[in-house]
Amino acid sequence: MAVSSGEGKAAGQDDPGRRRSARQRAGEEGLLFEGQPVSLPADVGYRGPTACAAAGITYRQLDYWARTGLVEPTVRAAHGSGSQRLYGFRDVLVLKVVKRLLDTGVSLQQIRIAVHHLRARGVGDLAQITLMSDGVSVYECTSPDEVIDLLQGGQGVFGIALGRVWQEVEGSLAQLPGERAEAGEGPLAEHHADELARRRRARRTG
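Residues numbered from 1 in each chain as written. Predicted model: local features only at pLDDT ≥ 70, side-chain atom pairs only at ≥ 80, totals over all residues. Heavy atoms only, no water.

**Student:** For the overall build of the protein, give the residues involved together with the corresponding values.
**Tutor:** Along the backbone of the protein there are 9 helices and 5 strands. Secondary structure elements of the protein, listed N to C terminal, follow the sequence α-β-α-α-α-α-α-β-β-α-β-α-β-α. The buried share among the 206 residues of the protein stands at 43%. For the protein, the exposed surface amounts to about 10100 Å²; the carbon and sulfur share of it is 48%. (Helix = DSSP H or I, 4+ residues; strand = E, 2+ residues; numbered from the N terminus. Buried < 20%, exposed > 50% of the residue type's maximum accessible area, 1.4 Å probe, protein only. Areas by Shrake-Rupley, 256 points an atom, 1.4 Å probe, with all protein chains shown as cover.)

**Student:** Would you mind going over the pairing of strand E3 (residues 138-141) in detail, with residue names and values included?
**Tutor:** On E3, burial covers both faces: Val138 and Glu140 on one face and Tyr139 and Cys141 on the other are all buried. The pairing of strand E2 (residues 130-133) with E3 spans 4 bridges and is antiparallel. The residue bridging Met132 from the neighbouring strand is Tyr139, located in E3. In sequence, E2 turns back onto E3 through a hairpin of 4 residues, with Gly135 there showing a positive phi of about 95°. (Pairing = 2+ DSSP bridges.)

**Student:** Could you give an account of helix H4 (residues 89-103), naming the residues involved and the relevant values?
**Tutor:** An α-helical turn contains 3.6 residues, so a residue and the one three or four places further along point in the same direction. In this model, H4 (15 residues) spans 21 Å end to end at C-alpha, consistent with the 21 Å of a helix rising 1.5 Å per residue. Summarising burial for H4: 11 of the 15 residues are buried, a large majority. Listing the buried residues of H4 in full gives Phe89, Asp91, Val92, Leu93, Val94, Leu95, Lys96, Val97, Val98, Lys99 and Leu101. The first or second residue beyond H4 is Gly105, which carries a positive phi of 95°. (Expected span 1.5 Å × (residues − 1).)

**Student:** So what's going on with the pattern of salt bridges? Which residues, and what values?
**Tutor:** Summed over the entire model, instances satisfying the criterion amount to 6 salt bridges. One salt bridge connects Arg67 with Asp63, and the closest N-O pair in it is separated by 2.9 Å. Here Arg67 and its partner Asp63 are both found in helix H3 (residues 59-67), 4 residues apart, which amounts to about one turn of the helix. Owing to a relative accessible area of 57%, Arg67 belongs among the exposed residues under this scheme. Assessed through its relative accessible area of 22%, Asp63 is described here as partly exposed. Note that Arg100 and Glu168 form a salt bridge whose closest N and O atoms lie 2.4 Å from each other. (Salt bridge = Lys/Arg side-chain N within 4 Å of Asp/Glu carboxyl O.)

**Student:** A description of the nonpolar core should follow, citing residues and the corresponding values.
**Tutor:** Judged by nonpolar contacts, the single largest core of 38 residues is most densely connected at Leu95, Val98, Leu101, Leu131 and Leu162. Of all the secondary-structure elements, those providing two or more residues to this core are helix H2 (48-55), H3, H4, helix H5 (108-119), strand E4 (158-161) and helix H8 (162-173). Among the elements that make up this core, the one with the highest residue count is H4 (8 residues). Residues within four places of Val98 in sequence aside, it is in contact with Trp65, Leu70, Val71, Ile111 and Val115. (Core = buried A, V, L, I, M, F, W, Y, C linked by side-chain atoms within 4.5 Å. Contact = heavy atoms within 4.5 Å.)

**Student:** How would you sum up the packing of H2 against H4? Please name residues and give values.
**Tutor:** Closest axis-to-axis distance for the H2/H4 pair is 9 Å, and the angle between their directions is 50°. Here H2 is positioned oblique relative to H4, judged by the angle of their axes. Between H2 and H4 lies a crossing of right-handed hand. Only Val92, Leu95, Lys96 and Lys99 of H4 make contact with H2, whose side of the interface consists of Ala51, Ala54 and Ala55. Residues that form the contact of H2 with H4 fall into these classes: 5 nonpolar, no polar and 2 charged. (Axes fitted to C-alpha atoms, helices over the stretch in contact; angles between N-to-C directions. Parallel < 35°, antiparallel > 145°, perpendicular 65-115°, else oblique. Left-handed = near helix turned anticlockwise from the far one by under 90°. Nonpolar A, V, L, I, M, F, W, Y, C, P; charged D, E, K, R; others polar.)

**Student:** So what about the sheet that holds E4? Which residues, and what values?
**Tutor:** Pairing within the open sheet is antiparallel, and its 3 strands lie in the order E3-E2-E4. A single partner strand is all that each edge strand has here, and the edge strands are E3 and E4. Taking the axes of each pair of neighbouring strands and ignoring which way they run, one obtains an average angle of 20° across the sheet. Pairing between E2 and E4: 4 bridges, direction antiparallel. Looking at E4, one finds that Leu131 is bridged to Ile160. Most of the contacts of H4 go to E4, to which it runs at about 170°, and overall it touches E2 and E4. Across the sheet, H8 lies against E2 and E4, angled at about 55° from E4, the strand it touches most.

Right, here's the structure in full:
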């Protein structure tokens, strides 16, 4: 996985016309995310079916990815019969990204490398990342210029702005039940929605 735009640049990248075209395409495809996502409570987890609904995947995929170590629940792992995995917000975000990469034909090997790099990033950093791919390799872009360079050089066939995926997952989870990790029982959907609303108000007035 290329983690800098320098590896993806091609000759002719300084052509003003091509650069304007690349910037326009990036804007049209929503690859230049400039918003500021809400930071969700770290101790709220989501059971498997909820994580599946928010990420748009099947429970079979969720279970397989957990068992093979691709995306494991970080709030609470399953221990013994009857125990429930709890996935954090970041886990659900990565699940949704994995699904999108799979849908566009990226190999599972490349996806594993991409997930490894995402895990190394801080939660705040994720919203500023755009993943670009030519269908074979995955490139991590952390600035609009890197996105445009890849598009201009021909490597960026498609891209995923994690900030926008963040907002999509945030909107989905606001309508779904979550649990406090230490409690381990009882849905807290209403509390979660209230927390989101409070943080949005603070962001608008801050």
